[in-house]
Amino acid sequence: MFSPADIASLWVTLKLASVTTLILLLLGTPLAWWLARTRRRGKVVIEALVALPLVLPPTVLGFYLLVALGPHGPVGGLLAWLGGPSLVFSFTGLVIGSVIYSLPFVVQPLQASFSAIPAGLLDAAATLRAAPLDRFFSLVLPLARPGVLTAVVLGFAHTVGEFGVVLMIGGNIPGQTQVLSISIYDHVEALEYGQAHWLAGSLLAFSFLMLLLVYRFNRRFGLGRP
Amino acid sequence: MRLHFRFDHRRDGFHLQAAGEVPTAGITALFGPSGCGKSTLLRLIAGLERCNNGEVRMEQDIWQNEQTFLPPHHRPIGYVIQEGQLFPHLNVRDNLRYGWKRAGRSTEAAAGPDFDTVIALLGLTELLARRPEQLSGGQRQRVAIGRALLTRPRVLLLDEPLAALDREAKHAILPYLERLHRELALPVLYVSHDTDEVARIADRLLLMEAGRIQAAGELTGMLTHPDLPLARSEQAETVLEATISSHDTDYHLTRLRFAGGELSLATPAELATGEPVRIRILARDVSLALSPATDSSILNILPARVSEIRPLNPAQALVCLDLGGTPLLAHITHRSVDALGLAPGSPVYAQIKSVALLV
């Protein structure tokens, strides 16, 4: 059924998706809150940048990341000069690529659910002596729960499904940077259709199940109706 | 404790330039047409909107001046707006506790009504376990007012809290506001554009027009002042404080005593002798005669003196009357003014066709 290499790539995939989702929640929540509340003109530029991974071919993103993170690129070069590890063809590099690649899938649902919270509720909380951070945790997060769940699941699932970016910057090192989608590609290249079926089928079932749970949950709590 | 404020605020082409004060106790109505800046003024006082040129202080406590700006969560205010803004993810009890818990941490909030008092005062006991979406509009507003009171504010800011309610719900909630007014010594600034509401609950009036405070004063004086638009409107009215003096059980009539004399009206339900009430007399329900008619069906005929006559429109005049110190307004025709030969100082009899009890 699954070869040890397949299990290893499954493990790398789950680890990558979990770490990526966690980082995206930490970075994406303040960003989404800022986008939802600000009236600055510069907002549209940030919104467009966040949405970019939605339209760019993953290979384009992967290419620029490879250049930037490589030993001669601005980021990789600086890191090498500081005596840091190489980022390309490493798990850390994969995480950086995934965070950028999955950013819109986390930020957009969060921003939508933050925007749907009436300003009057926040004013009410302020006059009820709640400080800004207190308002965020006692009011905004509970009301944005469907959006947070959507963000987590989409961010996770989208990272599980990535291929192009990983191929460009992660390469294909079993146990380190070889993820599920690339294992499938390898099996097909080697004409091992049976193996490919197992992995592809599992991924399909997993993705469907995740989405089913999200829709079911959000229906119960009324998506977009805080 | 008095709340003083002064703002010079420009935003989106609107210029608000207002200064005034809200006295210690009682309800001060901020009254004016839609768009005159009433809500903005309230938001400025609450600190929800920021104005660079402004001052707010509660006696010696400065909330805002050139150096200071207290954010809204540090101002001891209760603030309630039209749709109540109850938190949909919390039930009534947790909504009520939201501000109560947080205000409890500061020492200055030590004085003030406790949880059970507020719940009893607003009749919320039955509602505690319910969620906001299970409440009627009137119940929601009661919870919102209770929630604000539980922060033990030093001033209550109400922005048209009843405007979204239908007539019946409004009439059901007004008695709670009146009770609040009687039982808590809390200054209330009440934004409204509804003369009915104002007549019922306000003690003082801040009249606002195009971003400015036009006039301020006691309710009766403001309603009957011939220079202010209220006395000149179709709905012009005199509001008086009176007490129930006796009941005539044969005719089911009740006599009321007020500073300018006595009035009779059909006995209202459940009012004991000696109880204070507020009455309203519409200017168009007052007609004038030179002698007390004995052959009229009108019950209330009071001697008065004309203090001022102002033209209202080509057909009608506003006549301000003085009933031994108490003002009364009458809208009559110019023809009648001429026919009766009325002039300031003329003694007349005010025939009052209807008296409404504002309970």
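Quantities reported herein were computed from a predicted structural model and do not represent experimental measurements.

K.L.:
An account of the overall build of chain A is needed here, citing residue identities and associated values.
P.N.:
Counting its regular elements, chain A contains eleven helices and zero strands. Beginning at the N terminus, the succession of helices and strands in chain A can be written as α-α-α-α-α-α-α-α-α-α-α. In chain A, which comprises 226 residues, the share counted as buried stands at 43%. Put simply, of all contacts in chain A between residues at least 6 apart along the chain, 73% involve residues at least 24 apart. Accessible area of chain A: about 11,800 Å², with a carbon and sulfur share of 72%.

K.L.:
Lay out the interface of chain A and chain B with the relevant residues and their values.
P.N.:
Residue-level contacts link 19 residues of chain A with 21 residues of chain B. Here chain A and chain B share an interface that buries about 1,700 Å² over both sides, 65% of which is from carbon and sulfur atoms. Among the residues of chain A in contact with chain B, Thr127, Leu128 and Arg129 of chain A are the three that bury the most area, contributing 43% of the side total. Our count for the contact surface shared by chain A and chain B stands at two salt bridges. One salt bridge connects Asp134 of chain A with Arg102 of chain B, and the closest N-O pair in it is separated by 2.6 Å.

K.L.:
Lay out the pairing of strand 3 (residues 27-31) of chain B with the relevant residues and their values.
P.N.:
Across the five residues that make up strand 3 of chain B, a large majority, five, are buried. In strand 3 of chain B, alternate side chains face the same way, and those of Ile27, Ala29 and Phe31 of chain B on one face and Thr28 and Leu30 of chain B on the other are all buried.

K.L.:
Quick one: what's the story with helix 4 (residues 137-149) of chain B, residue by residue and with numbers?
P.N.:
Taking 1.5 Å as the rise per residue, helix 4 of chain B with 13 residues should run 18 Å; its terminal C-alpha atoms sit 18 Å apart, in good agreement. Across the 13 residues that make up helix 4 of chain B, a large majority, eleven, are buried. Every buried residue belonging to helix 4 of chain B is among Gly138, Gln139, Gln141, Arg142, Val143, Ala144, Ile145, Gly146, Arg147, Ala148 and Leu149 of chain B, and all of these are buried. Where helix 4 of chain B is buried, its residues touch helix 6 (119-127) of chain A together with strand 6 (77-80), helix 2 (92-103), helix 3 (115-121), strand 7 (155-159) and helix 5 (167-183) of chain B.

K.L.:
Before we move on, can you summarise the sheet that holds strand 16 (residues 300-311) of chain B with the specific residues and values?
P.N.:
All names here are of chain B. On the basis of which strands lie adjacent, the open sheet formed by five strands has the order 15-19-16-17-18 and antiparallel pairing. The two strands at the open ends of the sheet, each matched to only one other strand, are strand 15 (286-289) and strand 18 (326-333). Recorded for the sheet is a direction-independent mean angle of 45° between the axes of neighbouring strands. As paired strands, strand 16 and strand 19 (residues 347-352) are joined by six bridges and run antiparallel to one another. Note on strand 19: the bridge partner recorded for Asn300 is Ile352.

K.L.:
An account of the domain arrangement of chain B is needed here, citing residue identities and associated values.
P.N.:
Residue and element names in this part refer to chain B. You can read the domains of chain B as domain 1 (3-224) and domain 2 (276-358). One C-alpha centre belongs to domain 1, the other to domain 2, and the line joining them spans 36 Å. Contacts between the two partners involve eleven residues from domain 1 and, on the opposite side, six residues from domain 2. Taking both sides of the interface into account, the surface hidden between domain 1 and domain 2 amounts to around 620 Å²; carbon and sulfur atoms contribute 53%. Its largest share of buried area at the contact with domain 2, domain 1 owes to Ala199, Arg200 and Thr224, together 62% of the area lost on that side. Linking domain 1 with domain 2 are two salt bridges. Across the pair Arg278 and Asp203 runs a salt bridge whose closest N-O atoms are separated by 3.3 Å. Linking domain 1 to domain 2 there are five residue pairs in polar contact (both at pLDDT 80 or more). Elements that contribute at least two residues to the side of domain 1 that touches domain 2 include exactly helix 6 (195-201) and helix 7 (219-224).

K.L.:
Report on a nonpolar patch on the surface, specifying residues and quantitative values.
P.N.:
All names here are of chain A. On the surface, Val44, Val45, Leu49, Leu52, Leu54 and Val55 cluster together into a nonpolar patch covering about 560 Å² of accessible area. In this structure, Val44 sits in helix 2 (residues 43-55). By relative accessible area, which is 54% here, Val44 ends up exposed.

Definitions and cut-offs
- The residue numbering used here restarts from 1 in each chain and proceeds along that chain's sequence as written.
- Chains and ligands are labelled by the order in which they are written, letters from A for the one and numbers from 1 for the other.
- The predicted origin of the model limits local features to residues at a pLDDT of at least 70 and limits the giving and counting of side-chain atom pairs to 80 or more, whereas totals for whole chains, interfaces and linings rest on all residues.
- Side-chain measures here rest on the full set of heavy atoms in the structure, leaving out hydrogens and waters.
- Numbering goes from the N terminus for both helices and strands, where a helix is a DSSP run of H or I of at least four residues and a strand is a run of E of at least two.
- Between buried and exposed lies partly exposed: a residue is buried under 20% and exposed over 50% of the maximum accessible area for its type, with that area taken using a 1.4 Å probe on protein chains only.
- Residue contacts are defined here by distance: any two heavy atoms, one from each residue, within 4.5 Å place the two residues in contact.
- Under the convention used here, a 1.4 Å probe and the Shrake-Rupley method define accessible areas, while residue burial counts only the protein chains that appear.
- Buried surface area refers to the total accessible area, computed with a probe of radius 1.4 Å, that the two partners give up upon joining, counted for both partners together.
- The term salt bridge refers to a pairing of a side-chain nitrogen on Lys or Arg with a carboxyl oxygen on Asp or Glu at a separation within 4 Å.
- Take the number of residues in a helix, subtract one, and multiply by 1.5 Å to get its expected span.
- At least two bridges found by DSSP between two strands are what make those strands a pair.
- Orientation is described by lines fitted to C-alpha atoms, with helices fitted over the stretch in contact, and by angles between N-to-C directions that extend from 0 to 180 degrees.
- As used throughout, domain bounds are those supplied by an automatic or database domain assignment.
- For this analysis, a polar contact is any N or O atom pair within 3.5 Å, provided that within protein one partner can donate a hydrogen and the other can accept it, and provided that sequence-adjacent residues contribute only side-chain to side-chain pairs.
- The patch calculation keeps residues exceeding 30% relative accessible area without a salt bridge and links them within 9 Å when they carry like charges or within 5 Å when they are nonpolar (Val, Leu, Ile, Met, Phe, Trp, Tyr).

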